[in-house]
Amino acid sequence: MEFESKILSKNISELLYNSEKTLGTAESCTGGRIAEAIISVPGASNYFKGGIVSYTNEVKENILKVSHEVLEEQTAVCEEVAREMVLGAIDALKVDFAISATGVAGPTGGTAEIPVGTIWIGYGSKDDVRTLKLTEDYGRDINLAIATNSALKSMYSFLKEYEEDLKKEG
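What counts as what
Residues numbered from 1 in each chain as written. Predicted model: local features only at pLDDT ≥ 70, side-chain atom pairs only at ≥ 80, totals over all residues. Heavy atoms only, no water. Phe/Tyr/Trp six-rings, centres within 6.5 Å; stacked < 30°, edge-to-face > 60°. Helix = DSSP H or I, 4+ residues; strand = E, 2+ residues; numbered from the N terminus. Buried < 20%, exposed > 50% of the residue type's maximum accessible area, 1.4 Å probe, protein only. Core = buried A, V, L, I, M, F, W, Y, C linked by side-chain atoms within 4.5 Å. Contact = heavy atoms within 4.5 Å. Axes fitted to C-alpha atoms, helices over the stretch in contact; angles between N-to-C directions. Parallel < 35°, antiparallel > 145°, perpendicular 65-115°, else oblique. Left-handed = near helix turned anticlockwise from the far one by under 90°. Salt bridge = Lys/Arg side-chain N within 4 Å of Asp/Glu carboxyl O. Expected span 1.5 Å × (residues − 1). Pairing = 2+ DSSP bridges.

## Here we look at the packing of aromatic side chains
For the coordinates displayed, the defined rule picks out 3 aromatic pairs. Pairing Phe-97 with Phe-158 gives two aromatic rings, centres 6.1 Å apart and planes at 75 degrees, and the pair type is edge-to-face. In this pair, Phe-97 sits in strand 3 (residues 97–103) while Phe-158 sits in helix 6 (residues 140–161), placing the two residues 61 residues apart along the sequence. A relative accessible area of 8% means that Phe-97 is categorised as buried. When the ring of Phe-158 is compared with that of Tyr-162, the centres are 5.0 Å apart and the planes differ by 45 degrees; the resulting orientation is tilted. Exposure remark for Tyr-162: the relative accessible area of 27% places this residue in the partly exposed category. What links up through ring pairs into an aromatic cluster is the set Phe-97, Tyr-123, Phe-158 and Tyr-162.

## Details of the nonpolar core
Residues Leu-16, Leu-23, Ile-38, Phe-97, Ile-121, Met-155 and Leu-159 are the most contacted members of the largest nonpolar core, which totals 30 residues. Every element with two or more residues in this core is listed here: helix 1 (3–16), helix 2 (33–39), strand 3, strand 4 (119–125) and helix 6. Not counting residues up to four positions away in its chain, the partners in contact with Ile-38 are Ser-9, Leu-23, Thr-25, Ala-44, Tyr-47, Phe-48, Ile-99 and Leu-152. With 17 residues, the next largest nonpolar core counts Ala-26, Leu-71, Val-81 and Val-95 among its residues.

## A word on the packing of helix 1 against helix 6
Running from N to C, helix 1 and helix 6 cross one another at 25 degrees; their axes reach a closest spacing of 9 Å. Put simply, helix 1 runs roughly parallel to helix 6. The handedness of the crossing between helix 1 and helix 6 comes out as left-handed. For the pair helix 1 and helix 6, contact is made by Glu-4, Ser-5, Leu-8, Ser-9, Asn-11, Ile-12, Leu-15 and Leu-16 and by Thr-148, Asn-149, Leu-152, Lys-153, Met-155, Tyr-156, Leu-159 and Lys-160, respectively.

## Some points on unusual backbone geometry
The omega torsion across Gly-106 and Pro-107 is 5 degrees, close enough to zero to call that bond cis. Mapped onto the elements of the fold, Pro-107 is located in the loop between strand 3 and strand 4.

## Overview of the pattern of salt bridges
The full count for this structure, using the stated rule, is 10 salt bridges. Among the ionic pairs, Lys-153 bridges to Glu-4, the shortest N-O distance being 3.1 Å. In this pair, Lys-153 sits in helix 6 while Glu-4 sits in helix 1, placing the two residues 149 residues apart along the sequence. For Lys-153, a relative accessible area of 42% gives the class partly exposed. With a closest N to O distance of 3.7 Å, Glu-163 and Lys-167 form a salt bridge. Remark: Lys-167 and Glu-163 occur in helix 7 (residues 163–169); sequence separation between them is 4 residues, near one turn of the helix. A residue is classified by how much of its surface remains accessible, and Lys-167, at 53% relative accessible area, is exposed. Look at the salt bridges and you will find they share partners, linking Lys-160, Glu-163, Glu-164 and Lys-167 into a network.

## Thoughts on helix 5 (residues 79–93)
The periodicity of an α-helix, 3.6 residues per turn, causes residues three or four positions apart to be oriented the same way. Compared with the 21 Å implied by 1.5 Å per residue over 15 residues, the 21 Å span of helix 5 between its first and last C-alpha is a close match. Residues of helix 5 that are buried include every one of Val-81, Ala-82, Glu-84, Met-85, Val-86, Gly-88, Ala-89, Ile-90 and Leu-93, and no others. Note on helix 5: the residue one or two positions beyond its end, Lys-94, has a positive phi of about 55 degrees.

## Observations regarding the sheet that holds strand 4
Pairing in this open sheet of 5 strands is mixed, and the strands run 2-1-3-4-5 from one edge to the other. Either end of the sheet is taken by a strand with one partner, and the two such strands are strand 2 (48–53) and strand 5 (128–134). Sheet twist, expressed as the mean angle between neighbouring strand axes with direction ignored, is 10 degrees. Sheet topology note: the strand 3/strand 4 ladder contains 7 bridges and is antiparallel. Note that in strand 4 the partner of Ile-99 across the bridge is Tyr-123. Here helix 5 sits on the sheet in contact with strand 1 (23–27), strand 2, strand 3, strand 4 and strand 5, set at roughly 140 degrees to strand 3. This element, helix 6, spans strand 1, strand 3, strand 4 and strand 5 of the sheet and lies at about 25 degrees to strand 4.

Purely spatial values, then, with no claim about function.
Structure follows, in structure tokens:
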């Protein structure tokens, strides 16, 4: 695992460890890498409940309750699916916060409309879901590393906004 992922995971841990708030993941293209980074920090069981690897649309629909219509009309690689995956993870895992990733890591699978390297990251809470789109193709391994770090960095920034609330509730 990359050093940056470990640092970001440690930063997330420092915000959540004593807060009584929980985190989960819903991953497609990253296949559990985000969850792996989170649990690399000792004590993660204090706030990380688990992750769902939803590599197929069937799992996205049945477990995460992603809209069949959205998957059909926009494909799994779109902002709305990333958003629905966050909400689905929050509901399925009974957590306060969630991170999602859905995209085309490569080396194949891209189209003219959705080229390889297109990855949507979702993160947030049930009341505030945000997204980030990655568009560069650096090859599969680097694409996945960038997606993992981007997801962790985005979640950390999100949690920093709520840092005072996390301290009060913890």
